[in-house]
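# Chains, contacts and geometry: an overview
Each chain, letter by letter, is given below.
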Amino acid sequence: MTMIDRGSPRESADHSPLAALGITARVRGVHRLSDGALAARMVALTGPPGSSLEAEDDLRHVAALMQQTADLDDYAIRFTRRLAAAADLPLLTVVDPSSAANLAVPLTGLSVSLEPRDFARSPRRCLDTVRVARAAGRRVCVRVGVDDLALAVLPIIEPDVVVLRSEVIAQVRDPSVARLVQEVTAHLENSAAVVLAEGVDSLDAARTALSLGAQYGTGAAFDDPASVAVVAPFPAPVAPCARHEPTGTPFAILAATHRPRRGDESLLQEMGRSLEAQATGTGAAALVVRTAGASCELGHLTARRWDGIADTTGMTTTYGVRMPLLRTTHDAQHPTGPGWNIAVVGPHVAALLAARPLPSADGDRRFEFVQTYDRATVVAATRALLREFAEAN
């Protein structure tokens, strides 16, 4: 099926800034790379051919700057509705998290795509979007590119679809792509996610995408209808009931399965430095989350050290009494505040140390702490930490 619609997200009477962009909606095939079987159809939006807005990424970037993303998504949804009744395969339509209200639209193929930079700015809002999307039976997608923050957030979002951007295939001989593939593969070992490659424009590109771990692809290599061997429906999203995880504070989550131990502040600091070293060794694929309560105030040297880690790792969120890079919803002075926590999540490492101060009559600061390297527990506790972070300014 090939259908193209040229117009604007609104009728001509509408004066939306997007009306002048000459948007085109079209349907492209999603094919199984192993045999070319048509698995789904995807709605794509582009700007005028040959312009700086021809690529959908560029078009969405401009729409976001103009705060018109919802209009763009409305246009894609209306286009999809016209095709849905006659669709013989899943018709995938991807919308932005800022258009979350669209997730209630009764279209089975509607999915949400999370941008890692949005997650870095607003982790709590993005996690809430994931929860709403999955409750509505929607797929959650994350697009991964070369030198991208996506690697750091894959374990936390646990997307249903990992999309390899076209640049990954185009730069396959670059050493950074080999690193990226290893790290995506490490994540997928414990995931049911489907990998879809963009920019599969030739048979050689299809073979490259397969070698990178992709099962499906979109691109010019599949434009010839005669090349479609059979029809094989795209996998359905994982049911929400299959994603149950523990809730509560990080300390409570760990203490449910691990016996707390006791130690002084110097022990915690050394254990924290050890985890930080693991994070810096992982580099851009690592996510580090740290909080420090009032009983463990951050000093200048600690702040400088953590600044250095933030420059090395993919995403680092920190909260402390003297270093509010991001603030939490709790007051640090409040006994139910974030406490002392450090979590490291990467493709080859998962660790969390959570501590809370013990009452002391002599002023000697001692803590009760728990630690784990169990990936599922670390990810659940890290999500609990991130939900406490308010949006960045």
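This write-up is about the structure you can find in this document. Since the structure is predicted, the reported quantities are computational estimates derived from the model, not experimental observations.

The rules we used
Residues numbered from 1 in each chain as written. Predicted model: local features only at pLDDT ≥ 70, side-chain atom pairs only at ≥ 80, totals over all residues. Heavy atoms only, no water. Helix = DSSP H or I, 4+ residues; strand = E, 2+ residues; numbered from the N terminus. Buried < 20%, exposed > 50% of the residue type's maximum accessible area, 1.4 Å probe, protein only. Contact = heavy atoms within 4.5 Å. Polar contact = N/O pair within 3.5 Å; in protein donor to acceptor, adjacent residues only side chain to side chain. Salt bridge = Lys/Arg side-chain N within 4 Å of Asp/Glu carboxyl O. Core = buried A, V, L, I, M, F, W, Y, C linked by side-chain atoms within 4.5 Å. Axes fitted to C-alpha atoms, helices over the stretch in contact; angles between N-to-C directions. Parallel < 35°, antiparallel > 145°, perpendicular 65-115°, else oblique. Nonpolar A, V, L, I, M, F, W, Y, C, P; charged D, E, K, R; others polar. Pairing = 2+ DSSP bridges. Arc of directions from axis to C-beta.

## Describing the environment of Thr-80
Looking at where Thr-80 falls in the secondary structure, it is placed in helix H2 (residues 69-84). The class for Thr-80 is buried, based on a relative accessible area of 2%. Once you skip the residues sitting within four places of it in the chain, Thr-80 turns out to touch Val-43, Leu-91, Thr-93 and Leu-107. From its side chain, Thr-80 meets the backbone oxygen of Ala-76 in a polar contact 2.8 Å long.

## Focus on the pattern of salt bridges
For the coordinates displayed, the defined rule picks out 14 salt bridges. The partner of Asp-57 in a salt bridge is Arg-143, with the nearest N and O atoms 2.6 Å apart. Separated by 86 residues along the polypeptide, Asp-57 in helix H1 (residues 56-65) and Arg-143 in strand S6 (residues 139-144) bring together distant segments of the chain. Under the relative-accessibility criterion, Arg-143 is labelled buried at 12%. Between Arg-143 and Glu-198 there is a salt bridge, and its shortest N-O distance comes to 2.6 Å. On the criterion of sequence distance, the pair formed by Arg-143 in strand S6 and Glu-198 in the loop between strand S8 (194-197) and helix H8 (203-211) is long-range, its members being 55 residues apart. Look at Glu-198 and you get buried, because its relative accessible area is 13%. The network of salt bridges with shared partners includes Asp-57, Glu-115, Arg-143, Arg-165 and Glu-198.

## Some thoughts on the nonpolar core
Nonpolar side chains in soluble globular proteins tend to be buried together. Within the largest apolar cluster, 57 residues are counted, with the highest numbers of intra-cluster contacts made by Phe-119, Val-144, Ile-156, Ile-157, Leu-164, Leu-180 and Val-200. Ranked by the residues each element gives to this core, the list is headed by helix H5 (residues 150-157), at seven residues. With near-sequence residues (within four places) excluded, Ile-156 lies in contact with Phe-119, Leu-127, Leu-287, Val-345, Val-379, Thr-382, Arg-383 and Leu-386.

## A short note on the packing of H1 against H2
Two elements in contact, H1 and H2, have axes whose closest approach is 7 Å; the angle formed by their N-to-C orientations is 130°. Between H1 and H2, the crossing angle belongs to the class labelled oblique. When H1 is examined against H2, the residues Leu-59, Arg-60, Ala-63 and Ala-64 are found in contact with a partner set consisting of Thr-69, Leu-72 and Asp-73. Partitioned by chemical class, the residues of the contact of H1 with H2 number four nonpolar, one polar and two charged.

## Quick notes on the pairing of S6
In terms of burial, S6 is a largely internal element, six of the six residues being buried. Of the two faces of S6, the one lined by Arg-139, Cys-141 and Arg-143 and the one lined by Val-140, Val-142 and Val-144 are each fully buried. Of the pairings in the sheet, the one linking strand S5 (residues 110-114) to S6 comprises four bridges and is parallel in character. Across the sheet, residue Ser-113 finds its bridge partner in S6, namely Cys-141. Bridge analysis of S6 against strand S7 (residues 161-164) gives four bridges, and the strand direction is parallel. Bridge assignment links Val-142 to a residue of S7, and that residue is Val-162.

## Examining H1
Taken as a whole, H1 has its buried residues at Leu-59, Arg-60 and Ala-63. What you see down the axis of H1 is that its buried residues fit within an arc of 95°, all on one side. Tucked into the core, H1 has its buried residues touching strand S2 (23-32), strand S3 (38-46), H2 and strand S4 (91-95). Gln-67 sits one or two positions beyond H1 and adopts a positive phi of about 55°.

## Remarks on the environment of Arg-387
Among the structural elements, Arg-387 can be located in the segment after helix H12 (375-386). With a relative accessible area of 33%, Arg-387 lands in the partly exposed category. Separated by 259 residues in the primary sequence, Arg-387 and Asp-128 have C-alpha atoms spaced 8.6 Å apart. When sequence neighbours within four positions are dropped, the list of residues in contact with Arg-387 reads Arg-124, Leu-127 and Glu-245.

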